[in-house]
Amino acid sequence: KNLNSWDAETGTLRWTKTLLPKVLDPIIVASAAIAGDRIIWTTKPRQKDSASQIIVTDLDGKVLSRFDAHGRSPLHLTAFRNYFTSSCITADGRLLSAINFAGSTIDTYDLNIGIRLHSQKIILKDRSMIRLGDDQKTLFVRRSGKSILRFDMESGKELPPLGEGEPEIKEVNISAHG
């Protein structure tokens, strides 16, 4: 759980900083992502019927918030901002949305105060994934062979879908205004 800085011209390591806070057990950390001035960590459930935890720290490891994720499936963070994945985080690190495959929902959390803002109950298909628009407000939901659903990430309000009537949408480009 280190942050490494590499020199792009020479390919040599410039520096390394250990980011794992002392309050976390390295055995249970599932994933982490840097967003804004913070690091968002997730843990593996300790037991079969327990939830993943979300821990938000500053870059020095001070815990800002810590709470249980809803559902019983492991929560994995991904830092790919341009692709559909199973989770997405706003660039400022304030909001996190993640697919809860066990509950067939997409849960959105306010990471500043550690609460779930809303949960979208949807029929998830094989390879269902989400993506945050470049506007940092619109959440896109791709379901295999279906139109792309859209939601306002903060309020959960459903927006008109994209590709209604299309047999299958595999990729989408999102303009800066969503």
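Summary of the structure given here. Here the structure is a predicted model, which means the values were calculated and not measured.

1. Notes on the side chain of aspartate 107
Looking at the secondary structure, you find aspartate 107 in strand β9 (residues 105-110). For aspartate 107, a relative accessible area of 2% puts it in the buried group. At 2.6 Å, the side chain of aspartate 107 forms a polar contact with the side chain of serine 119. In this view, aspartate 107 contacts His70, Leu96, Ser97, Ala98, Asn100, Arg116, His118 and Ser119; residues no more than four positions away in its chain are not counted.

2. Some details on the sheet that holds strand β7 (residues 87-89)
Strands sit in the order β7-β8-β9-β10 across an open sheet of four strands; the sheet is antiparallel. The open sheet has two edge strands, β7 and β10 (115-121), and neither has a second partner. In this sheet, adjacent strand axes meet at a mean angle of 15° when their direction is disregarded.

3. Structural notes on the sheet that holds strand β12 (residues 138-142)
The four strands are arranged β11-β12-β13-β14 in an open sheet whose pairing can be described as antiparallel. Unpaired on one side and paired on the other, β11 (129-132) and β14 (158-162) mark the two borders of the sheet. Pairs of neighbouring strands in the sheet enclose a mean axial angle of 25°, with direction left out of account. As judged from the three bridges shared by strand β13 (residues 148-152) and β14, these two strands associate in the antiparallel manner. Paired with isoleucine 148 across the two strands is leucine 162, which belongs to β14.

What counts, and where the lines are drawn
Residues numbered from 1 in each chain as written. Predicted model: local features only at pLDDT ≥ 70, side-chain atom pairs only at ≥ 80, totals over all residues. Heavy atoms only, no water. Helix = DSSP H or I, 4+ residues; strand = E, 2+ residues; numbered from the N terminus. Buried < 20%, exposed > 50% of the residue type's maximum accessible area, 1.4 Å probe, protein only. Polar contact = N/O pair within 3.5 Å; in protein donor to acceptor, adjacent residues only side chain to side chain. Contact = heavy atoms within 4.5 Å. Pairing = 2+ DSSP bridges. Axes fitted to C-alpha atoms, helices over the stretch in contact; angles between N-to-C directions.

These results come straight from atomic positions and should not be treated as a statement about function.
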